[in-house]
Amino acid sequence: MYSLNENYLKLPGSYLFSGIAKKVAAYQDAHKDADIIRLGIGDVTQPLCKAVIDELHRAVDEMANADTFKGYAPDLGYDFLRHAMAENDYRNKGCEIADDEIFISDGAKSDSANIQEIFGNSCKIAVCDPVYPVYVDSNVMAGRCGDYDEKTGMWSNVIYMPCTAENGFAPELPSQTPDLIYLCFPNNPTGEVISKDQLQGWVDYANKVGAVIIYDAAYEAYITDSSIPHSIYECVGARSCAIELRSFSKNAGFTGLRLGATVIPHDIVISKTAIGKENVELHSLWARRHGTKYNGAPYIVQRAGFACYSDEGKAQIKEQVATYMKNAHYIKNGLKEAGYTVYGGENSPYVWLRTPDNMTSWEFFDYLLDKANVVGTPGSGFGPSGEHYFRLTAFGSYENSVRAIDRIKNM
Ligand SMILES: *Cc1c(COP(=O)(O)O)cnc(C)c1O
């Protein structure tokens, strides 16, 4: 008789977005005429840019020809893409990253969920609160988080680092020492950023206590303020303590195409393991894991990713991001005019607002859906410190962003 990985049974309720989808469907069912505007889920809406589409077509045609057909991709990614990323995302910006330190994947969600596999089960994780749910849930599945307390919404063996208006949405160094530290900036859900000095503080801390930082840079393309770091490798010493996750989803609209990368410098080395091996690189474990469990991102998609680094591709992507940022500014300023206290939205497609009249996040969700027919995301769904906050995204059309704000102003 089989048994289950009972860690899965510890996971509470349904995933946040399926909960929202059900509520919206029920509302639509009861109000057939309601014209609902969705500013909730973090999915892009603009089509892929021309440079990417042209390259996709070219790559598809290569697959039709015996001379240019491609079978299995290299496990760790095609050299052309690893090189383009290392050069454009890192070396041209003064970060020392070698081509072979880039591992191509099908996206940052799977990498952020899978990366914990190469660490010991006794590792203790620290996460920002609120947080992208994948970091915690993947560690729960691995049995690393202890037990869930429904009252507090917290796991007994996770270090939570509150990010609220009081600390400018930047986590403070925890009093307990973690082994793995998940950071994501620009942040989902708060839309806020971390300064270079603050990030340097985290790198120094990780090096001091022997922790690894898993840095999710999925939103770096949205940074407009030149003093904000795009990569953790801008910090001194990051090569010996930081893994960085990259995605083509939010900058280039690959949410449906699927492409990402994880960067693991050779310098992250553990000097002695429990089984006596010395000087083991994290890089070699992740390479082994990729080789065993993954057969590579599709050639066609890696070509599409490569096109993002052409001059044409860079310019077109920049324009797409600017379009979303125009929405973000409209939403943020409109909410301010309507009297809301608002954060994010400057270097990020997410606007994070404080709920009025001390409403809970879910109360505000219902209120907004009912009074304005606008859907957002309750902050409490991202962690207890997200309570009394609410997330709106700039990924809709400009027209819908304007309509949504008009309705909110008239509520
Ligand atoms: C959207 C998002 C990603 C990107 O995931 P993909 O799998 O690359 O589409 C990663 N991290 C965060 C925090 C996100 O919001």
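Remember, predicted model here, so these are calculated numbers, not experimental data.

In this structure, what is going on with the overall build of the chain? I would like to understand it.
Scanning the chain from terminus to terminus reveals 13 helices and 17 strands. Judged by the C-alpha coordinates and their principal axes, the chain covers about 60 × 55 × 50 Å. Across the 411 residues of the chain, 53% fall into the buried class. Partitioning the intrachain contacts of the chain with sequence separation of at least 6 by distance along the chain shows that 71% fall at a separation of at least 24. Accessible area for the chain stands at about 18,000 Å²; split by element, carbon and sulfur atoms hold 51% of it. Here the chain carries 38 positive and 52 negative side-chain charges, and the mean point of each set is 2 Å from the other.

What am I meant to see in a nonpolar patch on the surface here?
Judged by side-chain polarity, Met1, Tyr2, Leu4, Tyr8 and Leu9 come together as a nonpolar surface patch covering roughly 720 Å² of accessible area. Inspection of the secondary structure puts Tyr8 in helix H1 (residues 7-10). Judged by its relative accessible area of 45%, Tyr8 is partly exposed.

What should I look at first to understand the packing of aromatic side chains in this one?
Both the distance between ring centres and the angle between the ring planes are used here to describe each pair of aromatic rings. The tally for this structure, following the rule as stated, stands at 26 aromatic pairs. Aromatic side chains Tyr219 and Tyr350 sit 5.2 Å apart centroid to centroid with 65 degrees between the ring planes, which places their arrangement in the edge-to-face category. Within this pair, whereas Tyr219 is found in the loop between strand E8 (212-216) and strand E9 (242-247), its partner Tyr350 is found in strand E14 (residues 350-354), the two being separated by 131 residues in sequence. Pair check on accessibility: Tyr219 and Tyr350 agree, each one buried. The ring of Tyr299 carries the charged tip of Lys70 above its face, separated from the ring centre by 4.6 Å.

Would you mind showing me how to read the pattern of salt bridges here?
Close approach of charged atoms allows side chains with opposite charge to pair. Going through the model one piece at a time under the given rule, you end up with 22 salt bridges. For Glu101, the salt bridge identified is with Arg239, shortest N-O distance 2.7 Å. Taken together, the positions of Glu101 in the loop between helix H4 (79-90) and strand E2 (102-105) and Arg239 in the loop between E8 and E9 put the pair 138 residues apart, joining distant regions of the chain. No difference in accessibility class separates Glu101 from Arg239, as the two residues are buried.

How do you make sense of the packing of H4 against helix H10 (residues 299-307) when you look at a structure like this?
Two measures define how a pair of helices packs: the angle their axes make with one another and the distance between the axes. Direction vectors running N to C along H4 and H10 enclose 25 degrees, while the axes themselves pass 9 Å from each other. With respect to their mutual orientation, H4 and H10 come out roughly parallel. Note on packing geometry: the crossing formed by H4 with H10 is left-handed. Only Tyr299, Gln302, Arg303, Gly305 and Phe306 of H10 make contact with H4, whose side of the interface consists of Phe80, Leu81 and Ala84. Residue composition of the contact of H4 with H10, grouped by class: five nonpolar, two polar and one charged.

Whenever I open this one, the side chain of His283 confuses me. Can you help?
With respect to the helices, strands and loops of the structure, His283 is situated in helix H9 (residues 282-293). Under the relative-accessibility criterion, His283 is labelled buried at 8%. Sequence-distant contacts of His283, defined by excluding residues within four places in its chain, comprise Asp100, Glu101, Phe103, Ile264, Pro265 and His266.

I tried to follow the sheet that holds strand E16 (residues 377-378) on my own but got confused; where do I start?
Pairing between the strands of a sheet is mediated by backbone hydrogen bonds and can be parallel or antiparallel. Strand order across the open sheet formed by four strands is E13-E14-E17-E16, with antiparallel pairing between neighbours. In this open sheet, the two strands that pair with only one neighbour each are strand E13 (342-344) and E16. Bridging between E13 and E14 involves three bridges; their strand directions are antiparallel. Bridge pairing in E14 places Tyr343 opposite Trp352. Taken strand by strand, helix H12 (residues 361-372) contacts E14, E16 and strand E17 (389-393), and its axis lies near 45 degrees from that of E17.

Looking at this model, I keep getting lost on empty space enclosed by the protein. Mind explaining?
Here the idea is plain: a probe the size of a water molecule rolls over the atoms and shows the empty space left. In total, this model carries one cavity of 30 Å³ or more according to the counting rule given. Estimates place the volume of the largest cavity at around 30 Å³. Along its surface, the largest cavity is lined by Cys128, Val131, Tyr132, Tyr135, Tyr182, Leu183, Cys184, Asn187 and Asn188. Among the elements that take part in the lining of the largest cavity, strand E7 (residues 180-184) stands out by supplying three residues, more than any other.

Help me understand the site of the ligand in this model?
The immediate surroundings of the ligand are formed by 14 residues, with Asp216, Tyr219, Ser249, Lys250 and Arg258 found nearest. In this structure, an oxygen atom belonging to the ligand sits 3.3 Å away from a side-chain N or O atom of Lys250. In this structure, Arg258 approaches the ligand through a side-chain N or O atom, which is 2.5 Å from an oxygen atom. Protein coverage of the free-state accessible area of the ligand, which is 390 Å², stands at 93%. Where the shell around the ligand is concerned, the elements lending two or more residues are helix H5 (108-114) and helix H8 (249-252). Looking at the shell around the ligand, its residues break down into six nonpolar, four polar and four charged.

Quick notes on the rules
Residues numbered from 1 in each chain as written. Predicted model: local features only at pLDDT ≥ 70, side-chain atom pairs only at ≥ 80, totals over all residues. Heavy atoms only, no water. Helix = DSSP H or I, 4+ residues; strand = E, 2+ residues; numbered from the N terminus. Buried < 20%, exposed > 50% of the residue type's maximum accessible area, 1.4 Å probe, protein only. Contact = heavy atoms within 4.5 Å. Areas by Shrake-Rupley, 256 points an atom, 1.4 Å probe, with all protein chains shown as cover. Lys, Arg positive; Asp, Glu negative; His and termini not counted. Charge placed at Lys NZ, Arg CZ, Asp CG, Glu CD. Patch = residues over 30% accessible without salt bridge, like charges linked within 9 Å, V, L, I, M, F, W, Y side chains within 5 Å. Salt bridge = Lys/Arg side-chain N within 4 Å of Asp/Glu carboxyl O. Phe/Tyr/Trp six-rings, centres within 6.5 Å; stacked < 30°, edge-to-face > 60°. Lys NZ or Arg CZ within 6 Å of the ring centre and 35° of its normal. Axes fitted to C-alpha atoms, helices over the stretch in contact; angles between N-to-C directions. Parallel < 35°, antiparallel > 145°, perpendicular 65-115°, else oblique. Left-handed = near helix turned anticlockwise from the far one by under 90°. Nonpolar A, V, L, I, M, F, W, Y, C, P; charged D, E, K, R; others polar. Pairing = 2+ DSSP bridges. 1 Å grid on protein atoms, 1.4 Å probe; cavity = no way out; pocket = protein on both sides within 12 Å on 5 of 7 lines; lining within 4 Å. Points joined across faces, edges and corners; volume = space filled by probe spheres on them. Near = heavy atom within 4 Å. Polar contact = N/O pair within 3.5 Å; in protein donor to acceptor, adjacent residues only side chain to side chain.

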